[in-house]
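Each chain, letter by letter, is given below.
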Amino acid sequence: MAIEVRVPTILRSYTGGSKVVEGSGATLSGLIDDLDTKHSGLKGRLLTPEGGLHRFVNVYVNDEDVRFLGALDAPLSDGDSVTILPAVAGGALGFAAAAALLGRPSNRPAAAPNRTEGQ
Amino acid sequence: MIRTRVSTATPGPAPGHGNVNDVLTIDSAIVDAIVAHARRDHPDEACGVVAGPVGSDLPTRHIAMDNAARSMTFYEFDSMEQLRVWREMDDNDEEPVVIYHSHTATEAYPSRTDISLAGEPGAHYVLVSTREPDSEEIRSFRIVDGVVTEEEVNIVDATVDA
């Protein structure tokens, strides 16, 4: 079962530079696990340590934001197209205040664009 | 209306970024459109994209985006609008050459939030400050792996039909 996954520039270091990769899974969660076996480390950029989808990663199935489809439980079918985009966000607000506003600990930037691996 | 623009460059040696120039060259008509958008949304932060042909490093198509956060201190693209615009760029062989937003009470310099959330290493991050009513501060930065590098802003006339 093949699902096309479009990978943003910032995550292409995990896919050998590929813009489009293929994976499989009955749900988004399953797809991410499958992708991580072939592109090690990708999962850590998409999910928080608690296992939820990062607040600042947008994932779409076909034309819909997965947050409206059950997030990690979003069902997938053969031929679906999944698009990953880093959310575009920021602003003058201090990081601690932004973190509080967004309801997560300020000592752990949840943004996928930030480095989460030991580089 | 008399408008004073201040654009600055970081003194001293700037680190290289491969195929990336340490200067943003941008048409004055696009700068005017960005400033008008920032003024229109003031005191909320305004945000948007300027697309350009892939690999050209030249911003040619201004796209004002909604600030889904509608906040004076935070901006966030609407996820569905972002998908539509990113697909459109893909179909046109374009990429986001510039990602801009305004700071409405502080200087045009990336905040820790801006740095932490910057997800397009190939883009010029342009900040506009609208804190002064009669002048705008416009500055441009690369933000890669949490490292901010300011670059010169070279405003030119008529690189695009506006």
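Just above, that's the structure.
Not measured: the values here are computed from a predicted model. (Residues numbered from 1 in each chain as written. Chains lettered and ligands numbered in written order. Predicted model: local features only at pLDDT ≥ 70, side-chain atom pairs only at ≥ 80, totals over all residues. Heavy atoms only, no water.)

Caption draft 1: Expanded view of helix α1 (residues 28-41) of chain B. Residue and element names in this part refer to chain B. The end-to-end C-alpha distance of α1, which contains 14 residues, comes to 20 Å, matching closely the 20 Å that a straight helix rising 1.5 Å per residue would cover. Those residues of α1 that sit buried are Ser28, Ile30, Val31, Ile34, Val35, His37 and Ala38. Of the residues that open α1, the one with a side-chain oxygen 2.7 Å from the backbone nitrogen of Ala29 is Asp27. (Helix = DSSP H or I, 4+ residues; strand = E, 2+ residues; numbered from the N terminus. Expected span 1.5 Å × (residues − 1). Buried < 20%, exposed > 50% of the residue type's maximum accessible area, 1.4 Å probe, protein only. Polar contact = N/O pair within 3.5 Å; in protein donor to acceptor, adjacent residues only side chain to side chain.)

Caption draft 2: Representation of the interface of chain A and chain B in the model. Taken together, the 31 residues of chain A in the interface contact 29 residues of chain B. At the boundary of chain A with chain B, total buried surface from both sides reaches about 2600 Å², with 56% on carbon and sulfur atoms. Remark: the boundary between chain A and chain B carries four salt bridges. The residue Asp90(B) makes a salt bridge to Arg6(A) at a minimum N-O spacing of 2.8 Å. Listing elements by their share of the side of chain A that touches chain B, those giving two or more residues are β3 (57-61), β4 (64-65), β5 (81-86), β6 (89-90) and α3 (95-101) of chain A. It is β5(A) that contributes the most residues to the side of chain A that touches chain B, three residues altogether. A breakdown of the residues in the side of chain A that touches chain B according to their chemical character gives 16 nonpolar, eight polar and seven charged. Both β6(A) and strand β5 (residues 75-76) of chain B contribute to a ladder of two bridges, which runs antiparallel. Residue Ala89(A) lies in a different strand from β5(B), and its bridge partner there is Glu76(B). (Contact = heavy atoms within 4.5 Å. Buried area = accessible area lost by both parts, 1.4 Å probe. Salt bridge = Lys/Arg side-chain N within 4 Å of Asp/Glu carboxyl O. Nonpolar A, V, L, I, M, F, W, Y, C, P; charged D, E, K, R; others polar. Pairing = 2+ DSSP bridges.)

Caption draft 3: Spatial organisation of the pattern of salt bridges. Residue and element names in this part refer to chain A. Here the structure, examined in full by the defined rule, presents 18 salt bridges over all chains. Between Asp33 and Lys43 there is a salt bridge, and its shortest N-O distance comes to 2.7 Å. Of this pair, Asp33 sits in helix α1 (residues 28-38) while Lys43 sits in helix α2 (residues 42-46), placing them ten residues apart in sequence. Assessed through its relative accessible area of 36%, Asp33 is described here as partly exposed.

Caption draft 4: Focus on unusual backbone geometry. Backbone torsion omega between His42(B) and Pro43(B) reads 10°, so that peptide bond is classified as cis. At Asn62(A), a residue that is not glycine, the phi angle is positive and equals roughly 55°. Tracing the backbone through its elements, the reader meets Asn62(A) in the loop between β3 and β4. For Asn62(A), a relative accessible area of 32% corresponds to the partly exposed category. Phi is positive for Asp145(B), close to 50°, though the residue is something other than glycine. Inspection of the secondary structure assignment puts Asp145(B) in the loop between β8 (135-144) and β9 (147-156).

Caption draft 5: Main features of empty space enclosed by the protein. On inspection of all chains with the given rule, the structure shows four cavities of 30 Å³ or more. Estimates place the volume of the largest cavity at around 60 Å³. Pro86(A), Ala87(A), Val88(A), Ala89(A), Tyr75(B), Asp114(B), Leu117(B), Ala118(B), Gly119(B), Glu120(B), Tyr125(B) and Ile143(B) together form the lining of the largest cavity. Across the lining of the largest cavity, the residue classes tally to nine nonpolar, one polar and two charged. Of the voids in this model, the second largest cavity is the one considered here, and its volume is about 50 Å³. Elements that contribute at least two residues to the lining of the second largest cavity include exactly β2 (23-27), α1 and β7 (124-129) of chain B. Take the lining of the second largest cavity: its biggest share by element is three residues, from α1(B). Considered class by class, the residues forming the lining of the second largest cavity number nine nonpolar, no polar and no charged. (1 Å grid on protein atoms, 1.4 Å probe; cavity = no way out; pocket = protein on both sides within 12 Å on 5 of 7 lines; lining within 4 Å. Points joined across faces, edges and corners; volume = space filled by probe spheres on them.)

Caption draft 6: Quick peek at the nonpolar core. Among the nonpolar cores identified, the biggest contains 24 residues, and Val5(A), Leu11(A), Leu28(A), Leu31(A), Leu46(A) and Val82(A) are the most heavily contacted of them. Of all the elements in the fold, those that place two or more residues in this core are β1 (3-6), α1, α2, β3 and β5 of chain A. The leading source of residues in this core is α1(A), at four residues. In this structure Leu31(A) touches Ile3(A), Val5(A), Gly23(A), Ser24(A), Gly25(A), Leu76(A) and Val82(A), once residues within four positions along its chain are discounted. Counting residues in hydrophobic clusters, the runner-up holds 23 residues, among them Val88(A), Val49(B), Tyr125(B) and Ile143(B). (Core = buried A, V, L, I, M, F, W, Y, C linked by side-chain atoms within 4.5 Å.)

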